[in-house]
Amino acid sequence: MNNSVKSLVAVLFGLIAGALLMALTGHDPVEGYKYLIQGGLKNPERIGNTLATATPLILTGLSVAFAFRTGLFNIGAAGQMLFGGFCATAVGLSLELPRALLLLVMVLAGFIGGALWAVVPGFLKAKYNVHEVVSTIMMNWTAYWTVYYVIPAYFKGTSLETESRQLPADAMLHQQWLSDMFQGSYINFGFFIAVIAVLVVAFLINKTTLGYELKAVGFNRHASEYAGIAVKRSIVLSMFISGGLAGLAGVAQYAGNASSLQIGVMPSQGFDGIAVALLGINAPVGVFVSALFFGILYSGRGFMNAMTEIPPEIADSIIAIIIYFAATSILIERLYHKLKLRRAANKKQGE
Amino acid sequence: MKKGVLSLISLALSVTMLAGCGSKPASEPSGGAGGETPKANFMVGMVTDAGTIDDKSFNQGTYEGIKKANEDFKMKYKYLKPAGQTEADYSKEITNLYDAGYKFIVTPGFKFETAVFKAQDKYTDAKFVIIDGTPNSGEPDAPPVVKENTVSIYFAEQESGFLAGVATALHVKDGQAGFIGGLEIPPVQKFNWGFQQGVAYANENLGTKLVINKENVVYQGSFDDVAAGSQLAAQMYDRGVNVIFAAAGGVGVGAINEAKTRVQNGSDVWVVGVDVDQYQDGVYEGDKSVILTSAVKKIDHAAYDMIKAEMEGKFPGGQTLTLDATNDGIGLPENNPNLSDDVLKQVDEVFNKIKGGEIKVSAEQGDLIK
Amino acid sequence: MDYVVEMVGIRKEFPGIVANDDITIRLKKGEIHALLGENGAGKSTLMSILFGMYQPDRGVIKVHGKEVRITNPNVANKLGIGMVHQHFKLVEPFTVTENIILGSETRKFYFGLDVKSAAKRVEELSKQYGLNVDPYAKIEDISVGMQQRVEILKMLYRDAEVLIFDEPTAVLTPQEIEDLQGIMRNLVNEGKSIILITHKLKEIKAVANRCTVIRRGKTIGTVEVADTSREAMAEMMVGRSVSFKVDKQEGRPGNAVLEIQSLTVKNSKKVDAVKSFSLNLHAGEIVGIAGVDGNGQSELVEAITGLLPIESGTVSLNGKALNGLSVRQRNESGISHIPEDRQKRGLVLDYTIEENLILEVYNRPPYSKNGLLKPEAIRKHAEHIIQSFDVRSGTGGRSIVRSMSGGNQQKAIIGREVERDPDLLIAVQPTRGLDVGSIEYIHRRLIEQRDKGKAVLLISLELDEVLNLSDRIAVINNGELVGIVNTSETNERELGLMMAGYQKEEAPHE
């Protein structure tokens, strides 16, 4: 079965399961979905917000998918995103540069911050064969507590203890004309960063010798050694790029969708990135589409709540069910095979 | 290999699930047309802060005020839960409420300051109530801007803390008290300072000997680290503290848990709750609770009062209100099963003195601890 | 005549390929029936159908004359059909008995595992069939041959009447192979029936009663083994006559290409695996390394190719020392390497053929420029190798290598390595696990390389292969060079003694 068909079926199943849950709790699924979609796409402002919501998901999804493609399971996108966002915020709050240059430096800082956070597990994997799932999770918490300490100590807001100072307007990805185009939405340059990242990663994976190398190492480390590829360097480099992408998600989130960095919050986009990558079959364009789908769900949910009597907790469960089905699309294939077998058997009996 | 990947995926999913499990289903239906005749499309919306609608604190207090108003005024009401805690998350839910026709929007907590700052300009035909904060642009030293369609509400936490301090001193009479705060932010600090002043007042005027040592005044640094709360409380109790005033959300829950364990093992220790009546949280057996009393901010009153004012056409738009003893905005819970009538009587007297201006409770640190 | 199992007119189609096309095989009670076919001929598919893992599109399966539908392996087990897989499915830290009862545990008082009485039964079965297995030994402590017997016991414990052996000798030493053949005879003497999947004619001759040959998914015929020659069966399998002797001219050695001087190499456990080994290899000759598995051959090759560091000594190519150079630098200076384990080292199974064929050269023109891959050049390169080396696959260059048969995978590797036009071609076990047709083809290719003036280093565990191909033979034992002999002046017996560690001159005279 074609992979993208599998993903679509998974989404369909998720929507059906969500509809069942709505029906079971005494709500009209048709109405629920109507408002869910309207909430995400009803007017330019909402479309803009959907794109903005999807932005960090595109980037974390890309981060996880890239690691997957090169044989690594980067479960630390959350920490890399947080640390990348932190580096960008620190630059934004500390440097005074012309806007274009400042934003460029912030984006670079975010990329490198996230990348460094992922290089540590990459190095441990390459050198000591420490499994990256364990070390990236641990790095999540290292990022969490580092930010928890450094933000209040050096970048404390004037009144709020739990947030950094707000970034000056020049250090934010917001652009008035863009916001105006989407009628006051908080869409920002982060979306363009994400689109560029999708294109660059697609190009890198499919068209370059570097992509060839990294994928080869991911598929078969021994054969890569045999072929003369520097395997350890490739593992570290894969994690570097994957972490950098998650770091860009941090830039888009904290300097685009938000204007300051909160402590004590692990960005959920890091984990959602795994689901986005799975649903997007680890292909850059697939990730882009699946992140947009998640964006609609997340940004339409509130409107569904507001317009119907579906309580927020049920709405959360519906979204979770859809994601769950989407992420377990691998099961769909099994089901498909089983059905096929059964049909063949029935046909045989009928003869 | 394939199996390995699968198990990793399921691990990843369970992590995702964990990350998402802060939300438990509300025990009661959330919205709903509250009565037979909603008045002229009056619809009240609320956006929750971090945490659930039954958080025993700001969200719950606000929501209960709205529900109480519904009993009297019969309007449509609803709360929405933002996906995150950024301004964008809050703004989105405000937009959702507005688009759905809820044009009276209550936001509990200082985190809404920037979102309301923008919303009050964008939705001039809607009204906003923000509790514990004032709208501002969020830039450093930005001045508060309360527009005509917005009311900002503060509480005199120090007075609430003062009353709790007096009650505590009167009950314990002779011993040690401690304080555990969450983050070192103004509302928590004012509780702390007020509590210290209240204890001092009782020691001077009412013949008690309750001591607060410097090492027993602590800000944990978060509102959610339950384990740390237990640990801090255990240290304090080990140092001979009899009662801890915990103004610390989840950290306070940890302190309460520690107290329950100790009381069940025969110790005589107490916790003083915060924000709302926390008596039920401290129940360890039958209806016996380790919560001596609670320093209450009547958030529900604030929400109720604003809705009532709007119904009566007297919405105090553009104002910043402080709820204190004079308008019954703070106090101790209505029922205090752990306090004797005598103690309650004396606390009442003190309350009236604050009300009358005879006792002034400072909202500044002065020479108080932390 | 009674048949225990009959598969009649079986057809199974997969997308793009007919794996089985009207195959018929009938198994008599108490016989060993060989199923012979080249890799990819459809043997595994057929047995998977019998074992319930696939459903046939057409055809009938009968057990004891009764038509049955085998929907999954459990049904097969219930019908008394058991499979001894090529790759054992055992839990290492468990004992023999625990492994055997896994999945069909007898219980005592509902909860307690009744290992004791199970162990007793295992012991009885072991005695009855002459398996000689200790029911309490742990799997990780026993040899591969023993582990295979545990797999057999597993089937017997479940009262299997029909045992399917899938390439059972691939993992065994010659002695173990003989033992296994004894066990198989015991089994049929005790009334069991056996289907033996193999492509090794020698084994069929040794043990089987009848043999069904399939080729490209079709039954070619069933023969009495005793009345049929090896050559005849090979011809049925391959579809043309096959020679077992390799024709080759006398070699004309030229300059020394590879010079190994007192080479010492440590293995992954930091133990000396190659000890002070010296060897010269000239252009236009094939030198075979003969030795029992695990005597340092792998380490020797890895030290030459750069996969393992050289501890001491030198290795030089065309007079230039290789010590300290990376794998890639060595590749580029003229070494090609057909690795021992084609799936682990030689191929990226999830890449296409096209991608695999540029594994060592992807970073060089014309396959890439400025870091960008050049799909045109890559495709042309692949088409060339696919044609000249007869690599067969479903969809040409775009096929994922994992989906290809072992023989075609190996041909792709050989094509890739030969096409790089190296000075030194190292071929390690180049024909392992391959069918007669492929072996013949690969042997011809290696000799062709020699004749073109390449130096070929052949490492093989098959003494026949070494004797057939090599001009000179170096015998290795415990990491040391025992001696070098000219192929024309030696024989199997002398080599066997040298492999056991006797120096040439010490070897007892005939």
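None of these values were measured; they are calculated from a predicted model.

S.K.: Is there a simple way to think about the interface of chain C and chain A in this case?
M.R.: A common measure of how large an interface is: the accessible area buried when the components associate. In this assembly, 30 residues from chain C lie in contact with 23 residues from chain A. Between chain C and chain A lies a buried interface of about 2300 Å² when both sides are counted; carbon and sulfur atoms form 59% of it. Linking R345(C) and E225(A) is a salt bridge whose minimum nitrogen-to-oxygen distance equals 2.9 Å. Scanning the region where chain C abuts chain A turns up 17 residue pairs in polar contact (both at pLDDT 80 or more). Sorting the residues of the side of chain C that touches chain A by element identifies helix 10 (327-332), helix 11 (342-346), helix 12 (353-356), strand 20 (372-373) and helix 14 (406-419) of chain C as the ones contributing at least two each. Sorting elements by how many residues they give to the side of chain C that touches chain A places helix 11 of chain C first, with four residues.

S.K.: Mind showing me how you'd approach the domain arrangement of chain A here?
M.R.: All names here are of chain A. What the domain assignment lists for chain A is domain 1 (1-27 + 309-351) and domain 2 (47-306). Contacts between domain 1 and domain 2 engage 16 residues on the former and eleven residues on the latter. Between domain 1 and domain 2, the buried area comes to about 1300 Å², and carbon and sulfur atoms account for 76% of it. Linking domain 1 with domain 2 are zero salt bridges, by the criterion used here. Taken together, the connections running from domain 1 to domain 2 amount to two residue pairs in polar contact (both at pLDDT 80 or more). If you list the elements that add at least two residues to the side of domain 1 that touches domain 2, you get helix 1 (3-24) and helix 14 (312-327). In terms of residue count, the dominant contributor to the side of domain 1 that touches domain 2 is helix 14 (nine residues). In terms of residue class, the side of domain 1 that touches domain 2 is built from eleven nonpolar, four polar and one charged.

S.K.: Would you mind going over the sheet that holds strand 5 (residues 66-68) of chain C with me for this structure?
M.R.: Pairing between the strands of a sheet comes from backbone hydrogen bonds, and it takes one of two forms, parallel or antiparallel. All names here are of chain C. What the four strands build is an open sheet, ordered 2-1-4-5; its pairing is antiparallel. Edge positions in the sheet fall to strand 2 (17-28) and strand 5, since each has one partner strand and no second. On average, adjacent strands in this sheet sit at an angle of 25° to one another, irrespective of strand direction. Against the sheet, helix 1 (residues 43-50) touches strand 1 (3-14), strand 2 and strand 4 (58-63), its axis set at about 120° to strand 1.

S.K.: What exactly am I supposed to notice about the pattern of salt bridges here?
M.R.: Oppositely charged side chains may form a pair once their charged atoms are brought near each other. All names here are of chain C. As enumerated under the stated definition, the model contains 47 salt bridges over all chains in all. With its nearest N and O atoms 3.1 Å apart, the salt bridge here joins R26 to E6. In this pair, R26 is assigned in strand 2 and E6 in strand 1, connecting sequence segments 20 residues apart. A relative accessible area of 31% means that R26 is categorised as partly exposed. Linking K12 and D57 is a salt bridge whose minimum nitrogen-to-oxygen distance equals 3.8 Å. Taken together, the residues K12 in strand 1 and D57 in the loop between helix 1 and strand 4 connect sequence positions 45 residues apart.

S.K.: Explain the UniProt feature "transmembrane region" (unreviewed entry) in chain A here, please?
M.R.: All names here are of chain A. Here the UniProt feature "transmembrane region" (unreviewed entry) sits at residues 47-68, 75-95, 101-124, 136-155, 186-205, 274-298 and 318-336. Between the end C-alpha atoms of residues 75-95 there is a gap of 32 Å, over a span that is 86% helix and 0% strand. Helix makes up 95% of residues 136-155 and strand makes up 0%, while its end C-alpha atoms are separated by 26 Å.

S.K.: When you look at the environment of A126(A) in this model, what are you seeing that I'm missing?
M.R.: Residues and elements named next belong to chain A. Note that A126 resides in helix 5 (residues 99-128). A C-alpha to C-alpha distance of 26 Å links A126 and C87, two positions 39 residues apart in sequence. With residues near it in sequence (within four places) discarded, A126 still touches R221, K232, I235 and V236.

S.K.: In this structure, what is going on with the domain arrangement of chain C? I would like to understand it.
M.R.: Residue and element names in this part refer to chain C. Taken domain by domain, chain C comprises domain 1 (3-238), domain 2 (246-334 + 422-510) and domain 3 (342-420). Between domain 2 and domain 3, the C-alpha centre-to-centre distance is 26 Å. In this assembly, 16 residues from domain 2 lie in contact with 17 residues from domain 3. Across the domain 2 to domain 3 interface the summed buried area is about 1400 Å²; carbon plus sulfur atoms make up 52%.

S.K.: Would you mind going over the sheet that holds strand 1 (residues 43-47) of chain B with me for this structure?
M.R.: Residue and element names in this part refer to chain B. Spatial ordering of the open sheet is given by 2-1-3-4-5-13, a layout of six strands whose pairing is parallel. Both outer strands of the open sheet, strand 2 (76-80) and strand 13 (320-323), are each paired with one neighbouring strand and no more. Each strand of the sheet is rotated relative to its neighbour by a mean of 20°, with strand direction disregarded. In this sheet, strand 4 (residues 127-131) lies alongside strand 3 (residues 104-108) in parallel orientation, the contact comprising five bridges.

S.K.: Teacher, can you tell me more about unusual backbone geometry here?
M.R.: The phi angle of most residues is negative, glycine excepted, and most peptide bonds adopt the trans form. Omega for the peptide link from P365(C) to P366(C) comes to 5°, which places this bond in the cis form. Of note, P366(C) is situated in the loop between helix 12 and strand 19 (368-369). Positive phi, normally seen in glycine, also occurs at Q183(A), with a value near 50°. Turning to its location among the elements, Q183(A) is positioned in the loop between helix 7 (176-181) and helix 8 (190-207). A positive phi is found at D390(C), a non-glycine position, where the angle reads about 55°.

S.K.: How do you make sense of helix 14 of chain C when you look at a structure like this?
M.R.: In an α-helix, one full turn covers 3.6 residues, which means residues spaced three or four apart are oriented alike. Between its first and last C-alpha atoms helix 14 of chain C spans 20 Å; for 14 residues at 1.5 Å apiece the expected length is 20 Å, and the two agree. Positive phi appears at D421(C), one or two residues downstream of helix 14 of chain C, with a value of about 55°.

S.K.: What is the right way to look at the nonpolar core in this model?
M.R.: Taken as a class, soluble globular proteins show a tendency for nonpolar side chains to be buried jointly. One finds F66(A), F86(A), M106(A) and F294(A) to be the most contacted residues of the largest nonpolar core, which totals 94 residues. With eleven residues, helix 4 (residues 77-94) of chain A is the largest single contributor of residues to this core. Mapped onto the domain boundaries, this core takes at least three residues apiece from domain 1 (1-27 + 309-351) and domain 2 (47-306) of chain A. If near-sequence neighbours (up to four positions away) are discounted, F86(A) is found in contact with V147(A), V150(A), I151(A), F155(A) and L261(A). Counting 71 residues, the second largest nonpolar core, distinct from the first, contains A69(B), M75(B), F104(B) and I131(B).

Conventions we followed
- Residues numbered from 1 in each chain as written.
- Chains lettered and ligands numbered in written order.
- Predicted model: local features only at pLDDT ≥ 70, side-chain atom pairs only at ≥ 80, totals over all residues.
- Heavy atoms only, no water.
- Contact = heavy atoms within 4.5 Å.
- Buried area = accessible area lost by both parts, 1.4 Å probe.
- Salt bridge = Lys/Arg side-chain N within 4 Å of Asp/Glu carboxyl O.
- Polar contact = N/O pair within 3.5 Å; in protein donor to acceptor, adjacent residues only side chain to side chain.
- Helix = DSSP H or I, 4+ residues; strand = E, 2+ residues; numbered from the N terminus.
- Domains from an automatic or database assignment.
- Nonpolar A, V, L, I, M, F, W, Y, C, P; charged D, E, K, R; others polar.
- Pairing = 2+ DSSP bridges.
- Axes fitted to C-alpha atoms, helices over the stretch in contact; angles between N-to-C directions.
- Buried < 20%, exposed > 50% of the residue type's maximum accessible area, 1.4 Å probe, protein only.
- UniProt positions renumbered as here; feature names shortened; annotations may be inferred.
- Expected span 1.5 Å × (residues − 1).
- Core = buried A, V, L, I, M, F, W, Y, C linked by side-chain atoms within 4.5 Å.

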